[in-house]
Amino acid sequence: MTEGTLTHPAEAEAAKSGLFLIKPPVTPTQPRGNIGCFGYGAGLAMSTMDAVVAAGGSPANFLDGGGGATAANAKVSIQVLAEDPDVKVIFVNIFGGITQTDKVAAGIISAVHDTERLASGSVPMVIRMRGTGEAEAKVLLEGSGLVFHSHSVPCDDS
(Lines give C-alpha, C1' and ligand atoms only; values in the text may rest on other atoms or scores of the structure.)
Protein backbone atom coordinates (compact mmCIF):
# COMPACT_ATOMS: atom_id res chain seq x y z
CA MET A 1 0.00 0.00 0.00
CA THR A 2 1.18 3.47 -0.70
CA GLU A 3 1.48 5.81 2.24
CA GLY A 4 -1.62 7.91 2.86
CA THR A 5 -3.90 5.80 0.64
CA LEU A 6 -5.64 2.48 0.73
CA THR A 7 -4.37 1.61 -2.75
CA HIS A 8 -2.00 -1.30 -3.25
CA PRO A 9 0.58 -0.61 -6.01
CA ALA A 10 -0.89 -3.43 -8.14
CA GLU A 11 -4.32 -1.79 -7.90
CA ALA A 12 -2.93 1.48 -9.21
CA GLU A 13 -1.10 -0.32 -12.04
CA ALA A 14 -4.25 -2.18 -13.08
CA ALA A 15 -6.33 1.00 -12.98
CA LYS A 16 -4.01 2.59 -15.56
CA SER A 17 -5.31 0.00 -18.04
CA GLY A 18 -8.97 0.30 -17.04
CA LEU A 19 -8.93 -2.84 -14.92
CA PHE A 20 -10.53 -3.20 -11.52
CA LEU A 21 -8.16 -4.91 -9.08
CA ILE A 22 -8.59 -5.19 -5.35
CA LYS A 23 -6.10 -6.90 -3.06
CA PRO A 24 -7.94 -8.16 0.03
CA PRO A 25 -6.49 -6.93 3.30
CA VAL A 26 -4.48 -9.40 5.34
CA THR A 27 -5.93 -9.95 8.80
CA PRO A 28 -5.39 -12.52 11.54
CA THR A 29 -8.46 -14.41 10.25
CA GLN A 30 -7.78 -13.82 6.54
CA PRO A 31 -4.24 -14.74 5.49
CA ARG A 32 -2.64 -13.51 2.29
CA GLY A 33 -4.11 -15.34 -0.69
CA ASN A 34 -2.06 -17.03 -3.40
CA ILE A 35 -4.53 -17.67 -6.24
CA GLY A 36 -4.79 -14.88 -8.80
CA CYS A 37 -8.39 -14.68 -10.00
CA PHE A 38 -9.50 -13.06 -13.26
CA GLY A 39 -12.87 -12.66 -14.94
CA TYR A 40 -14.88 -10.11 -16.91
CA GLY A 41 -17.74 -8.60 -14.95
CA ALA A 42 -17.89 -7.96 -11.23
CA GLY A 43 -20.41 -10.73 -10.61
CA LEU A 44 -18.30 -13.38 -12.31
CA ALA A 45 -15.11 -12.11 -10.65
CA MET A 46 -16.75 -12.21 -7.20
CA SER A 47 -18.29 -15.64 -7.74
CA THR A 48 -14.90 -16.91 -8.94
CA MET A 49 -13.39 -15.79 -5.64
CA ASP A 50 -16.24 -17.51 -3.78
CA ALA A 51 -15.65 -20.73 -5.73
CA VAL A 52 -11.94 -20.63 -4.93
CA VAL A 53 -12.71 -20.24 -1.22
CA ALA A 54 -15.35 -23.01 -1.34
CA ALA A 55 -12.72 -25.32 -2.86
CA GLY A 56 -10.33 -24.55 0.00
CA GLY A 57 -8.18 -21.96 -1.79
CA SER A 58 -7.38 -18.38 -0.94
CA PRO A 59 -7.80 -15.62 -3.55
CA ALA A 60 -4.95 -13.15 -3.83
CA ASN A 61 -7.17 -10.59 -5.50
CA PHE A 62 -10.40 -9.54 -7.16
CA LEU A 63 -9.71 -8.68 -10.83
CA ASP A 64 -12.45 -7.59 -13.20
CA GLY A 65 -11.21 -6.99 -16.73
CA GLY A 66 -13.73 -4.18 -17.14
CA GLY A 67 -16.06 -3.62 -20.05
CA GLY A 68 -15.19 -4.86 -23.49
CA ALA A 69 -12.78 -7.79 -23.52
CA THR A 70 -9.85 -7.38 -25.89
CA ALA A 71 -6.64 -9.29 -26.36
CA ALA A 72 -4.81 -6.21 -25.02
CA ASN A 73 -6.69 -5.91 -21.72
CA ALA A 74 -6.66 -9.69 -21.23
CA LYS A 75 -2.87 -9.60 -21.66
CA VAL A 76 -2.47 -6.77 -19.14
CA SER A 77 -4.77 -8.56 -16.68
CA ILE A 78 -2.67 -11.72 -16.78
CA GLN A 79 0.58 -9.73 -16.56
CA VAL A 80 -0.64 -7.79 -13.51
CA LEU A 81 -1.42 -11.08 -11.77
CA ALA A 82 1.88 -12.65 -12.81
CA GLU A 83 3.84 -9.70 -11.45
CA ASP A 84 2.24 -10.06 -8.01
CA PRO A 85 4.68 -12.06 -5.83
CA ASP A 86 1.74 -13.37 -3.77
CA VAL A 87 0.26 -15.14 -6.80
CA LYS A 88 1.39 -18.75 -7.11
CA VAL A 89 -1.26 -19.87 -9.62
CA ILE A 90 -3.68 -17.97 -11.88
CA PHE A 91 -7.32 -18.98 -12.34
CA VAL A 92 -9.01 -17.45 -15.39
CA ASN A 93 -12.80 -17.85 -15.40
CA ILE A 94 -14.49 -16.42 -18.49
CA PHE A 95 -18.10 -16.67 -19.54
CA GLY A 96 -18.57 -15.40 -23.07
CA GLY A 97 -21.91 -13.80 -23.62
CA ILE A 98 -20.72 -10.48 -24.95
CA THR A 99 -17.13 -11.39 -24.09
CA GLN A 100 -15.38 -13.11 -26.99
CA THR A 101 -13.32 -15.85 -25.39
CA ASP A 102 -11.04 -16.19 -28.43
CA LYS A 103 -9.86 -12.59 -27.91
CA VAL A 104 -9.20 -13.36 -24.26
CA ALA A 105 -7.27 -16.50 -25.24
CA ALA A 106 -5.10 -14.49 -27.65
CA GLY A 107 -4.27 -12.03 -24.85
CA ILE A 108 -3.40 -14.84 -22.44
CA ILE A 109 -1.04 -16.42 -24.97
CA SER A 110 0.65 -13.07 -25.60
CA ALA A 111 1.03 -12.46 -21.85
CA VAL A 112 2.71 -15.83 -21.38
CA HIS A 113 5.19 -15.15 -24.19
CA ASP A 114 6.05 -11.69 -22.79
CA THR A 115 6.16 -12.39 -19.04
CA GLU A 116 9.10 -14.30 -17.54
CA ARG A 117 7.22 -15.80 -14.56
CA LEU A 118 4.65 -17.23 -16.97
CA ALA A 119 7.02 -18.25 -19.77
CA SER A 120 9.18 -20.16 -17.28
CA GLY A 121 6.17 -22.08 -16.03
CA SER A 122 6.70 -20.96 -12.44
CA VAL A 123 3.12 -19.65 -12.28
CA PRO A 124 0.72 -22.29 -13.62
CA MET A 125 -2.58 -21.18 -15.09
CA VAL A 126 -6.00 -22.82 -14.96
CA ILE A 127 -8.37 -21.57 -17.64
CA ARG A 128 -12.12 -22.03 -17.83
CA MET A 129 -13.86 -20.49 -20.84
CA ARG A 130 -17.45 -21.02 -21.87
CA GLY A 131 -19.60 -19.26 -24.45
CA THR A 132 -18.94 -17.00 -27.42
CA GLY A 133 -15.81 -18.03 -29.31
CA GLU A 134 -15.18 -21.01 -27.01
CA ALA A 135 -14.22 -23.41 -29.83
CA GLU A 136 -11.86 -20.84 -31.36
CA ALA A 137 -10.33 -20.10 -27.94
CA LYS A 138 -9.69 -23.80 -27.39
CA VAL A 139 -7.96 -24.09 -30.78
CA LEU A 140 -5.78 -21.04 -29.99
CA LEU A 141 -4.79 -22.29 -26.54
CA GLU A 142 -4.11 -25.85 -27.68
CA GLY A 143 -2.20 -24.67 -30.75
CA SER A 144 -0.02 -22.24 -28.80
CA GLY A 145 2.42 -24.92 -27.68
CA LEU A 146 2.10 -23.59 -24.13
CA VAL A 147 0.98 -25.51 -21.07
CA PHE A 148 -2.38 -24.52 -19.65
CA HIS A 149 -4.63 -26.47 -17.35
CA SER A 150 -8.19 -26.32 -18.54
CA HIS A 151 -11.32 -26.80 -16.57
CA SER A 152 -14.53 -27.65 -18.33
CA VAL A 153 -17.85 -28.36 -16.71
CA PRO A 154 -20.21 -30.19 -19.05
CA CYS A 155 -23.49 -28.39 -19.68
CA ASP A 156 -26.68 -30.27 -18.99
CA ASP A 157 -29.00 -29.36 -21.87
CA SER A 158 -31.98 -31.18 -20.39
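The model shown is predicted, which means the values in this text are computed figures rather than measured ones.

1. Re the nonpolar core
Grouped together as the largest cluster of nonpolar side chains are 32 residues, with contacts concentrated most on Ile90 and Met125. Elements represented by at least two residues in this core include exactly helix H1 (9-16), helix H3 (71-82), strand E4 (89-96), helix H4 (101-114), strand E5 (125-131) and helix H6 (134-143). Considering each element in turn, this core owes the most residues, six residues, to H4. Excluding residues within four positions of it along the chain, Ile90 makes contact with Gly36, Ile78, Leu81, Ala82, Leu118, Val123, Pro124, Met125 and Val126. Grouped together as the second largest cluster of nonpolar side chains are seven residues, Ile35, Ala45, Val52 and Phe91 included.

2. Section: the pairing of E4
Judged by how many residues are buried, E4 sits mostly within the fold: six of eight residues are covered. The pairing of strand E2 (residues 35-38) with E4 spans four bridges and is classified as parallel. The partner of Gly36 across the bridge, within E4, is Ile90. As paired elements, E4 and E5 share seven bridges and run parallel to each other. When the sheet's bridge partners are listed, Asn93 is paired in E5 with Arg128.

3. With respect to the sheet that holds E2
Judged by pairing direction, the sheet is parallel, and its four strands sit side by side in the order E2-E4-E5-E6 without closing on themselves. With partners counted over all chains shown, the strands left at the sheet margins are E2 and strand E6 (149-150), one partner each. Inspection of the sheet shows E5 paired to E6 by two bridges, in the parallel sense. Paired with Ile127 across the bridge in E6 is Ser150. Across the face of the sheet, helix H2 (residues 42-54) comes into contact with E2 and E4 while running at roughly 135 degrees to E4. Docked against the sheet, H4 engages E2, E4 and E5, running at close to 165 degrees with respect to E5.

4. Digging into the layout of surface pockets
When its volume is computed, the second largest pocket comes out at roughly 240 Å³. Forming the boundary of the second largest pocket are 17 residues, of which Pro24, Pro25, Gln30, Gly33 and Pro59 lie nearest the centre. Of the residues assigned to the lining of the second largest pocket, the class counts are nine nonpolar, four polar and four charged.

5. Side note on the pairing of E5
Burial within E5 is extensive, with five of its seven residues counted as buried. Following the chain from E5 across H6 to the adjacent parallel E6, one finds a crossover that is right-handed.

6. Some remarks on the side chain of Asn61
Here Asn61 is to be found in the loop between H2 and strand E3 (62-64). Residue classification places Asn61 among the buried residues on the basis of a relative accessible area of 1%. One polar contact links the side chain of Asn61 to the main-chain carbonyl oxygen of Cys37, over a distance of 2.8 Å.

7. A short note on H4
Here H4 contains 14 residues, and its C-alpha end-to-end distance of 20 Å stays within 8% of the 20 Å for a straight helix at 1.5 Å per residue. Inspection of H4 places Thr101, Val104, Ala105, Gly107, Ile108, Ile109, Ala111 and Val112 among the buried residues, and these make up the whole buried set. Contacts from the buried residues of H4 go to E2, H3, E4, helix H5 (116-119), E5 and H6.

Rules behind the numbers
Residues numbered from 1 in each chain as written. Predicted model: local features only at pLDDT ≥ 70, side-chain atom pairs only at ≥ 80, totals over all residues. Heavy atoms only, no water. Core = buried A, V, L, I, M, F, W, Y, C linked by side-chain atoms within 4.5 Å. Buried < 20%, exposed > 50% of the residue type's maximum accessible area, 1.4 Å probe, protein only. Helix = DSSP H or I, 4+ residues; strand = E, 2+ residues; numbered from the N terminus. Contact = heavy atoms within 4.5 Å. Pairing = 2+ DSSP bridges. Axes fitted to C-alpha atoms, helices over the stretch in contact; angles between N-to-C directions. 1 Å grid on protein atoms, 1.4 Å probe; cavity = no way out; pocket = protein on both sides within 12 Å on 5 of 7 lines; lining within 4 Å. Points joined across faces, edges and corners; volume = space filled by probe spheres on them. Nonpolar A, V, L, I, M, F, W, Y, C, P; charged D, E, K, R; others polar. Right-handed = clockwise from strand over helix to strand, strands pointing away. Polar contact = N/O pair within 3.5 Å; in protein donor to acceptor, adjacent residues only side chain to side chain. Expected span 1.5 Å × (residues − 1).

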